[in-house]
Amino acid sequence: SSPLPFMVSCVAFACLAQCAAALTLGTPINFWLLRQEGVVSADEDRLVSAYISSLRVGDSDAEEKALAALTARTIAVEFEPSCHSASTSVVELVELSDGVLAEEIGVDGPRTFMMPGSRVARVDQVEYAAGGLGARAWDASVGLGIYLSQNTRFVLGKSVLELGSGVGLGGISAALVGASTVMLTDVTEGETERRELAELGGAALMQNLVANARLNDVETATATRILDWFDCLADDFEPHAKYQVVIGADLVHDEKYSLPALAAAVATHTAPNGIALLMNGQGRPGVNALPAALQRYGGTVQVEEMTVMHSYGSAGVLLTTYRPGSSDRPT
């Protein structure tokens, strides 16, 4: 299928700005689709076109129906923050340690996503200097939010741990779906001396997680905790708790450096009969070695190829599903 089957041009977005006053959430600025490998559908084009047409003519009833039809699929609609003007968008290229250039889009206000099921998730980002790799919502984190919102059975009524939360979009999506508890975790540069190669944030990263939980009115169901994956490699490590579901997005950035620690963190925190759902960008160093790293702990590992598509491009992702065996120690 075409790499951009339902993508809306920037010209269309400019037209929508004229009817922004009629929108509760503001102007839609991006449409996100999580597509499974081999699934081809032209419906997204039609659904997006119907939604845009309803906005242009100011038909609120048609708008509501069209938006509901969109979010009944694996589609999220991103809205412009109410205090942000499209004319003031700033794109900054940030070079990561693996040589990948990431686009940091500066906005004044939280990024707002209407996820499948019409659940609205808002996350404030922080500056790269303050948040490192966790400063922004990466494509895989949007994809994970869509996946959990569409497949609510994985997290509804269950305890959830998010590893490497960053801005917390995955964990907040789980809380909005109805997880019983969600633990948002990350680690900051001030917490460890073993991070010469890492691009970690400071205290602002953890503070932003707390603020984002409050922003989504899920603070009673969520908590935050510093979790250093490398601690999980110790023979005498005992997790603070085990969780029915462990989630994470874009956690793999370096095979030799972080992969064994990540696998240990997943295995030691996933409860018996639990599940881990990890969505990572294809092409990241070490991502293809993640299944073998997890299988050292027994259990079963499955990998599914997907694509996160949006109005300005697309990114291949791998959803790695891990179910623990009888031991949380490597063989």
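Because the structure is predicted, anything quoted here is derived from the model rather than measured.

**A few points about the pattern of salt bridges**
Argument step 1. Enumeration over the complete set of coordinates arrives at six salt bridges.
Argument step 2. Between arginine 35 and glutamate 44 there is a salt bridge, and its shortest N-O distance comes to 3.0 Å.
Argument step 3. Between arginine 46 and aspartate 43 there is a salt bridge, and its shortest N-O distance comes to 3.8 Å. Here arginine 46 pairs with aspartate 43, and both are found in helix 2 (residues 43-57), just three residues apart, close to one helical turn.
Argument step 4. Residue arginine 46 is classed as partly exposed on the basis of its relative accessible area, which comes to 48%.
Argument step 5. Overall, aspartate 43 belongs to the partly exposed group, its relative accessible area being 29%.

**Looking at the confidence of the model for the protein**
Argument step 1. Per-residue confidence for the protein gives a mean pLDDT of 83; residues scoring 70 or more make up 80%.
Argument step 2. This model gives residues 1-5 a pLDDT under 50, and the stretch forms eleven contacts once residues within four places in sequence are excluded.
Argument step 3. The model gives residues 7-23 a pLDDT under 50, and that stretch makes 32 contacts with residues more than four places away or in other chains.

**Focus: the sheet that holds strand 8 (residues 181-186)**
Argument step 1. Taken in spatial order, the eleven strands of this open sheet run 6-5-2-1-12-13-11-10-7-8-9, and their pairing is mixed. Sheet topology places strand 6 (119-123) and strand 9 (222-226) at the edges, where each strand pairs with a single neighbour. Neighbour to neighbour, the strand axes of the sheet diverge by 20° on average, direction disregarded.
Argument step 2. In the sheet, strand 10 (residues 243-249) pairs with strand 11 (residues 270-281) via six bridges, with the strands oriented parallel. By the bridge assignment, isoleucine 247 is partnered in strand 11 with leucine 277.
Argument step 3. Against the sheet, helix 3 (residues 60-70) touches strand 1 (28-36), strand 2 (75-79) and strand 5 (111-115), its axis set at about 130° to strand 2.
Argument step 4. Across the sheet, helix 7 (residues 203-215) touches strand 6, strand 8 and strand 9, and the angle it forms with strand 9 is around 175°.

**Considering the packing of helix 5 (residues 139-150) against helix 6 (residues 169-177)**
Argument step 1. Following both chains from N to C, one finds helix 5 and helix 6 inclined at 15°, their axes separated by 8 Å at the closest point. On the basis of the axis angle, helix 5 is roughly parallel to helix 6. In this structure, helix 5 meets helix 6 at a crossing whose hand is right-handed. Contacts between helix 5 and helix 6 involve Ser141, Val142, Leu144, Gly145, Leu148 and Ser149 from the first element and Leu169, Gly170, Ser173, Ala174 and Val177 from the second.

**With respect to helix 2**
Argument step 1. Between its first and last C-alpha atoms helix 2 spans 21 Å; for 15 residues at 1.5 Å apiece the expected length is 21 Å, and the two agree.
Argument step 2. For helix 2, every residue scored as buried is listed here: Glu44, Leu47, Val48, Tyr51, Ile52, Ser54 and Leu55. Buried positions in helix 2, seen along its axis, are confined to an arc of 155° and lie on one side of it.
Argument step 3. Just past helix 2, the residue glycine 58 takes up positive phi, approximately 75°.

**A short note on unusual backbone geometry**
In most cases, non-glycine residues show a negative phi, while peptide bonds are predominantly trans.
Argument step 1. Backbone geometry at serine 118 places phi at a positive 60°, although glycine is not the residue there.
Argument step 2. Judged by its relative accessible area of 39%, serine 118 is partly exposed.
Argument step 3. Even without being glycine, aspartate 217 reaches a positive phi, approximately 60°.
Argument step 4. Relative to the helices and strands, aspartate 217 resides in the loop between helix 7 and strand 9.

Calculation notes
- Residues numbered from 1 in each chain as written.
- Predicted model: local features only at pLDDT ≥ 70, side-chain atom pairs only at ≥ 80, totals over all residues.
- Heavy atoms only, no water.
- Salt bridge = Lys/Arg side-chain N within 4 Å of Asp/Glu carboxyl O.
- Helix = DSSP H or I, 4+ residues; strand = E, 2+ residues; numbered from the N terminus.
- Buried < 20%, exposed > 50% of the residue type's maximum accessible area, 1.4 Å probe, protein only.
- pLDDT = per-residue confidence, 0-100.
- Contact = heavy atoms within 4.5 Å.
- Pairing = 2+ DSSP bridges.
- Axes fitted to C-alpha atoms, helices over the stretch in contact; angles between N-to-C directions.
- Parallel < 35°, antiparallel > 145°, perpendicular 65-115°, else oblique.
- Left-handed = near helix turned anticlockwise from the far one by under 90°.
- Expected span 1.5 Å × (residues − 1).
- Arc of directions from axis to C-beta.

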